[in-house]
Amino acid sequence: MNISKLTTDPAQNASRPAERISGAEAVIRCLLREEVTTIFGYPGGAIMPVYDALHGYLDRLNHVLVCHEQGAVHAAQGYARVSNGVGVCLATSGPGATNLITGIADAMLDSTALVCITGQVGSGLLGTDAFQEIDMIGISMPVTKWNYQVTRAEEIPFALARAFYIARTGRPGPVLIDITKDAQFAEFDFAYAPCTRIRSYLPYPQLDPARVDEAAALIASAKKPMMLVGQGVILSDAQEELISFAEKSGIPMACTLLGLSAVPADHPLYVGYLGMHGNYGPNVKTNECDLLIAVGMRFDDRVTGDLSRYAKQAKVIHIEIDPAEIDKNVKADVPLISDAKAALTALSAKVHAGAYPDWLAEFHACDAIEEEKVTRKDLAPDTPLVKMAEVIHLLSEITEGSAVVVSDVGQHQMAVSRYYAFRAKRHNVTSGGLGTMGFALPAAMGASLGQSKLPSVAVIGDGGFQMTIQELGTICRYNLDVKIMVLNNSFLGMVRQWQQLFFEKRYSFTEMQNPDFGLIAQGYGIPFLRVAQRSDLAATMHDFISRKGPVLLEVVVEKEENVFPMVATGASVSEIRLE
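If you're wondering where the values come from, they're calculated on a predicted model, not measured in any experiment.

1. Section: the overall build of the protein chain
- The secondary structure content of the protein chain amounts to 23 helices and 20 strands.
- Since a compact globule built from 579 residues should have a radius of gyration of about 25 Å, the 24 Å found for the protein chain is in line with a globular shape.
- Here the C-alpha coordinates of the protein chain stretch approximately 70 × 65 × 40 Å along the principal axes.
- Looking at the 579 residues of the protein chain, the share that counts as buried comes to 61%.
- Contacts in the protein chain between residues at least 24 apart in sequence constitute 77% of all its contacts with a sequence separation of at least 6.
- As presented, the protein chain carries roughly 22100 Å² of accessible surface, and 52% of it is formed by carbon and sulfur atoms.

Right, dumping it as structure tokens:
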């Protein structure tokens, strides 16, 4: 849902008496009017006027100084994901701005609402290759929902009002506002009105009642229906509507990677996790059901496997707010182009009470097979070293599934998805579409600030940890309550697994030579714990979780552990491997 052309009229913002201030101060005033309380950033020459203005508002705005701009954008992502709000970050021009791009792209693919504000060289220098000038509009256009370059101070209220409106409405996404330095210095008569409507941008499509009737008819005739629950349920705050619909209809529910935590793991209709390393039952039964109801998910390749052999026997109801996702990968027999909350509410009113005990029993039979072939070996291993699965399972038990778990990318991410029993919404934060190593540590910082009631636990591999390890400095500086768990197998584990299975064990540049993580933690003043034997795991894990403030736990895990089940690239979901 990329918005390339919007009408620009700064005069539309004049809703209250004007006050003459600088463009830089206007940026801060706009953030306050949008009820922003926390921003993440790193100063530099081209954004210096905004930072100077910020100095006078520190009693109203909490600014978190990160150690690298990528840390700022990932922290803003974590903040947005747990708060269901908009994450905000600041950076200077040139390398400061380009360091945001990975996080912006990550947010675009994972539908995370961000407003990223970058400084830019003076408008008179644009196009001259001035010091630290870079075309951020051109660079960011493919990975933003909207972007805009401000060259006059008068445009700032207009640009930021629209930025927040676009970022948070419809299918959320990142927005970038690039502000030239002279626009920050210039004074103008400031007035601000939040944006509530943009011509030609319709973020909430009107649900077609006829389509709802068609969907209800398909459900009434189905013998083996199945729901695929995506992050759209979480983004629309539709968890209650989802559960209500499922309990009335009796339809089993499976979650995508980003949909995890939308359904309590102990719900009797929850049948597991979908995807390449998901549970056996929901993957296999996708190709045996007669009706798929996809709610707020986009049929990503990690869920579908080989599209030419995906659910060909099933009718498809696709509930999706973004029309661009309809029929993009999987043809929908009944598209419901709508916010998930509205669609589920309307559909619940139309369906009859139902139950599918025999169909559910088929999922349970698959669970028994997976238990024998995979789970038992993962949780009760006969190997001397600890396995990732048993670490995550223990974490889930100790926290009773109530922690905010921020996972990085790799084998440990799949272990979290399989063995952490999420019981509350917005408690699963991870990088899905882009698969960004280094995401978890800074995202956990943002998650800890986006909510203060529960611990934020960052689960990271030894490879990803070292990509953003400098953010230990931010965690130390602000004494953030982030529990950092590094599962250390001295490998880039997921790549190594593929090299073992598909490249005849040619471990080309995947074995790690890691530093002493304890000494690094000591250097940052962060308490350090280490587990190398199974006998020490339980007691150390309890200590880890019970401590206040930041703590780093290193768990030495089996070096050549593989994550199963697994759907290989190009395979059908029916060909899922259990070993």
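Here the narrative resumes.
2. Comments concerning the sheet that holds strand β18 (residues 482-488)
- Here 6 strands make up an open sheet; going across it, the order is β16-β15-β17-β18-β20-β19 and the pairing parallel. Edge positions in the sheet fall to β16 (428-430) and β19 (528-531), since each has one partner strand and no second. Averaged over all adjacent pairs, the angle separating strand axes in this sheet is 20 degrees, with direction ignored.
- In this structure, β19 lies alongside strand β20 (residues 551-556), joined through 4 bridges in parallel fashion.

3. Quick notes on the nonpolar core
- Residues Ile293 and Leu347 are the most contacted members of the largest nonpolar core, which totals 101 residues.
- Looking at which element gives the most residues to this core, the answer is helix α16 (residues 388-399), with 6 residues.
- Both of domain 2 (209-363) and domain 3 (384-556) provide at least three residues apiece to this core.
- If near-sequence neighbours (up to four positions away) are discounted, isoleucine 293 is found in contact with Ile219, Met226, Met227, Leu228, Phe245, Ile251, Ile317 and Ile319.

4. Here we look at the packing of aromatic side chains
- Inspection of every chain in the model, using the stated rule, returns 12 aromatic pairs.
- Centre to centre, the rings of phenylalanine 491 and tyrosine 507 are 5.4 Å apart; their planes meet at 75 degrees, and the pair counts as edge-to-face. Taken together, the residues phenylalanine 491 in the loop between β18 and α21 (493-502) and tyrosine 507 in the loop between α21 and α22 (517-524) connect sequence positions 16 residues apart.
- An aromatic cluster is defined as three or more aromatic residues linked by ring pairs; in this entry it consists of Trp146, Tyr148 and Phe158.
- If you follow arginine 496 out to its NZ or CZ, it ends over the ring of phenylalanine 491, 5.8 Å from the centre.

5. What about the pattern of salt bridges?
- According to the stated counting rule, one finds 31 salt bridges in the structure shown.
- Between glutamate 154 and arginine 152 there is a salt bridge, with the nearest N and O atoms lying 3.9 Å from each other.
- Exposure remark for arginine 152: the relative accessible area of 43% places this residue in the partly exposed category.
- Taking the shortest distance from any N to any O, the salt bridge between glutamate 554 and arginine 530 comes out at 3.2 Å.

6. Examining helix α3 (residues 69-83)
- With 15 residues, α3 extends 21 Å between its outermost C-alpha atoms, agreeing within 8% with the 21 Å of an ideal straight helix rising 1.5 Å per residue.
- At the C-terminal side of α3, asparagine 84 shows a positive phi close to 60 degrees.

7. With respect to the domain arrangement of the protein chain
- Each assigned domain of the protein chain is listed here: domain 1 (3-190), domain 2 (209-363) and domain 3 (384-556).
- Counting residues at the interface gives 17 residues for domain 2, matched by 19 residues for domain 3.
- Roughly 1500 Å² of surface becomes buried between domain 2 and domain 3 when both sides are summed, with 58% attributable to carbon and sulfur atoms.
- Interface area lost by domain 2 to domain 3 is led by Leu257, Ser261 and His277, which between them contribute 37%.
- Between domain 2 and domain 3 we count 3 salt bridges in total.
- Two residues, lysine 425 and aspartate 237, come together in a salt bridge whose shortest N-O distance is 3.0 Å.
- By residue class, the composition of the side of domain 2 that touches domain 3 is 9 nonpolar, 5 polar and 3 charged.

8. Observations regarding the confidence of the model for the protein chain
- For the protein chain, per-residue confidence averages 95 on the pLDDT scale, and 97% of positions sit at 70 or higher.
- With pLDDT under 50 throughout, residues 1-14 is counted as low confidence; its partners more than four residues away or in other chains account for 37 contacts.

9. Things to note about the sheet that holds strand β10 (residues 253-255)
- In spatial order, the strands read β11-β10-β9-β12-β13-β14; together these 6 strands make up an open sheet with parallel pairing. Looking at which strands have only one partner, the edges of the open sheet turn out to be β11 (270-273) and β14 (334-337). Sheet twist, expressed as the average angle between the axes of neighbouring strands with direction ignored, equals 15 degrees.
- As defined by bridge partners, strand β9 (residues 225-229) adjoins strand β12 (residues 291-295) across 5 bridges and the pair is classed as parallel. Bridge pairing in β12 places leucine 228 opposite alanine 294.
- Docked against the sheet, helix α11 (residues 239-249) engages β9, β10 and β12, running at close to 170 degrees with respect to β9.

10. Examining the pairing of β18
- Across the 7 residues of β18, 7 count as buried, placing the element largely inside the fold.
- By the alternation rule, side chains of β18 split into Val482, Ile484, Val486 and Asn488 and Lys483, Met485 and Leu487, which are all buried.
- Of the strand pairs in this sheet, strand β17 (residues 456-461) and β18 are connected by 6 bridges, and their pairing is parallel. Bridge pairing links serine 456 to valine 482 in β18.
- The pairing of β18 with β20 spans 6 bridges and is classified as parallel. Note that in β20 the partner of methionine 485 across the bridge is leucine 553.

11. Concerning the packing of α3 against helix α18 (residues 440-450)
- Orientation of α3 relative to α18, taken along the N-to-C sense of each, is 40 degrees, at an axis distance of 6 Å. The pairing of α3 with α18 is recorded here as oblique in orientation. For the pair α3 and α18, the sense of crossing is right-handed. Note on element contacts: α18 touches α3 through Pro442, Ala443, Met445, Gly446, Ala447, Leu449 and Gly450, opposite Gly71, His74, Ala75, Gly78, Tyr79, Val82 and Ser83.
- Partitioned by chemical class, the residues of the contact of α3 with α18 number 8 nonpolar, 6 polar and no charged.

12. Describing the side chain of serine 448
- Examined against the element boundaries, serine 448 turns out to sit in helix α18.
- Look past the residues within four positions of serine 448 in its chain and what remains in contact with it is Ser456, Leu480, Asp481 and Val482.

Cut-offs applied
Residues numbered from 1 in each chain as written. Predicted model: local features only at pLDDT ≥ 70, side-chain atom pairs only at ≥ 80, totals over all residues. Heavy atoms only, no water. Helix = DSSP H or I, 4+ residues; strand = E, 2+ residues; numbered from the N terminus. Rg over C-alpha atoms; globule rule 2.2 N^0.38 Å. Buried < 20%, exposed > 50% of the residue type's maximum accessible area, 1.4 Å probe, protein only. Contact = heavy atoms within 4.5 Å. Areas by Shrake-Rupley, 256 points an atom, 1.4 Å probe, with all protein chains shown as cover. Pairing = 2+ DSSP bridges. Axes fitted to C-alpha atoms, helices over the stretch in contact; angles between N-to-C directions. Core = buried A, V, L, I, M, F, W, Y, C linked by side-chain atoms within 4.5 Å. Domains from an automatic or database assignment. Phe/Tyr/Trp six-rings, centres within 6.5 Å; stacked < 30°, edge-to-face > 60°. Lys NZ or Arg CZ within 6 Å of the ring centre and 35° of its normal. Salt bridge = Lys/Arg side-chain N within 4 Å of Asp/Glu carboxyl O. Expected span 1.5 Å × (residues − 1). Buried area = accessible area lost by both parts, 1.4 Å probe. Nonpolar A, V, L, I, M, F, W, Y, C, P; charged D, E, K, R; others polar. pLDDT = per-residue confidence, 0-100. Parallel < 35°, antiparallel > 145°, perpendicular 65-115°, else oblique. Left-handed = near helix turned anticlockwise from the far one by under 90°.

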